[in-house]
Structures are given as structure tokens and as C-alpha cells.
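Residues per chain, in single letters:
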Amino acid sequence: QVQLVESGGGLVQAGGSLRLSCAASGNIFVINAMGWYRQAPGKQRDLVAVITRGGSTNYADSVKGRFTISRDNAKNTVYLQMNSLKPEDTAVYYCNAQVIEVVPGSARITEYDYWGQGTQVTVSS
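In this text, all values refer to a predicted model and were calculated from it rather than measured experimentally.

Caption draft 1: Main features of the overall build of the chain. Looking only at helices and strands, one finds zero helices and eleven strands in the chain. For the chain, the sequential pattern of α-helices and β-strands runs β-β-β-β-β-β-β-β-β-β-β. Taking 2.2 N^0.38 as the reference for a compact globule, 125 residues should give roughly 14 Å; the C-alpha atoms of the chain span a radius of gyration of 15 Å, in line with that estimate. Reported as C-alpha extents along the three principal axes, the dimensions of the chain are approximately 55 × 25 × 20 Å. Taking all 125 residues of the chain together, the buried fraction comes to 39%. Considering only intrachain contacts with a sequence separation of at least 6, the fraction spanning at least 24 residues in the chain is 55%. Averaged over its 11 positive side-chain charges, the chain has a centre that lies 3 Å from the centre of its 9 negative ones.

Caption draft 2: How the structure looks around unusual backbone geometry. At N76, a position not held by glycine, the phi torsion is positive, near 50°. Structurally, the position occupied by N76 is in the loop between strand 7 (67-72) and strand 8 (77-82). Although it is not a glycine, S84 adopts a positive phi angle of roughly 50°.

Caption draft 3: Just the sheet that holds strand 8, in detail. Overall, antiparallel pairing links the four strands, which are arranged 1-3-8-7 in an open sheet. Edge strands, defined here as strands with exactly one partner in the open sheet, are strand 1 (2-7) and strand 7. Strand-to-strand twist in this sheet, taken as the mean axis angle between neighbours without regard to direction, amounts to 15°. Of the pairings in the sheet, the one linking strand 1 to strand 3 (residues 18-26) comprises six bridges and is antiparallel in character. Along strand 3, the bridge assignment pairs V2 with G26.

Caption draft 4: Focus on the pattern of salt bridges. Under the criterion given, the structure shown has three salt bridges. In this structure, D89 engages R38 in a salt bridge whose closest nitrogen and oxygen atoms are separated by 2.9 Å. Of the two residues, D89 sits in the loop between strand 8 and strand 9 (91-102) while R38 sits in strand 4 (residues 30-39), which places them 51 residues apart along the sequence. Here D89 falls in the buried class, since its relative accessible area comes to 0%.

Caption draft 5: Broad picture of the nonpolar core. Membership of the largest hydrophobic core comes to 30 residues, with the highest contact counts inside it found for W36, L80 and Y93. No other element matches strand 9, which puts five residues into this core. With near-sequence residues (within four places) excluded, L80 lies in contact with L18, R19, L20, W36, V48, A49, F67, T68, I69 and Y93.

Caption draft 6: Highlighting the environment of P104. By the element assignment, P104 lies in the loop between strand 9 and strand 10 (109-115). Separated by 73 residues in the primary sequence, P104 and I31 place their C-alpha atoms 17 Å from one another.

Caption draft 7: Spotlight on the pairing of strand 9. Where burial is concerned, most of strand 9 is hidden: nine out of the twelve residues are buried. When strand 4 meets strand 9, the two strands line up antiparallel, connected through eight bridges. Residue pairing for strand 9: G35 is matched across the bridge by N96. Across three bridges, strand 9 lies against strand 11 (residues 119-124) in antiparallel orientation. Across the sheet, residue Y93 finds its bridge partner in strand 11, namely T119. Pairing analysis gives seven bridges linking strand 9 to strand 10, with the strands arranged antiparallel. Within the sheet, the bridge partner assigned to Q98 lies in strand 10 and is D113.

Rules of the game
- Residues numbered from 1 in each chain as written.
- Predicted model: local features only at pLDDT ≥ 70, side-chain atom pairs only at ≥ 80, totals over all residues.
- Heavy atoms only, no water.
- Helix = DSSP H or I, 4+ residues; strand = E, 2+ residues; numbered from the N terminus.
- Rg over C-alpha atoms; globule rule 2.2 N^0.38 Å.
- Buried < 20%, exposed > 50% of the residue type's maximum accessible area, 1.4 Å probe, protein only.
- Contact = heavy atoms within 4.5 Å.
- Lys, Arg positive; Asp, Glu negative; His and termini not counted.
- Charge placed at Lys NZ, Arg CZ, Asp CG, Glu CD.
- Pairing = 2+ DSSP bridges.
- Axes fitted to C-alpha atoms, helices over the stretch in contact; angles between N-to-C directions.
- Salt bridge = Lys/Arg side-chain N within 4 Å of Asp/Glu carboxyl O.
- Core = buried A, V, L, I, M, F, W, Y, C linked by side-chain atoms within 4.5 Å.

Listed below in C-alpha cells is the structure:
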């Protein structure tokens, strides 16, 4: 069992900045990729940015040059620095982690996707 706890969301004016954090805890052997997704009302959940354990990143075209994803493997934490925010960035932002876990009582491993509870980001005009 793994939990993801997010923080840093809030209300900001267009052009402002926010920094989201997501810390994973629980039965963690290693975390592979971590990422941020967002979902606006009535829309599907879309990828914002992902980062591998080794630091390779990928961004949605809509946030390139404005958002930066990073991680601290020692703290099992991923961050999303959000600059030059636009009203269209308004959404619930969800943290995702691909966690490698040891199966109890065996030498087997398994990978499972975990999601945070979501944090609201609202950008006013």
C-alpha cells in the first residue's frame, strides 16, 4: 500500500506561479516514473509532465517552456514548478507514481500505478 500526498495548489492570477509537491510513502521498493496529470470539469484526465527515475522528462505541448517537473528520489517526491500560468491551466492536478513493490512472502515484484487525491489549481484572468 502506497499513499501519495499532494500540496501546493491554490488560486493565482494569470502570469503567476505555483509549485506542486507530491510525496509518496508506504510499501515502496523503488519508484519508476512519476508524473502530473490534470483534469478540467467535463474533460478527460490528460498528461502534463512525466519524469523517469533517471531524470528524463516529457511534457505536454501546452506547458513546454512554462512548467518544469523534477524529483527527489531520496524523498520519493515529485515537484511541478508552474510558471506563466494561464486561465486554461485551471484544473485539478493529480500526481501519479509507478511503484515497484516486493510481494510479501516471496521474491516476486509487482508494479502498480498510484494516484494522489488531486489538488485544485485555479488561474484567474
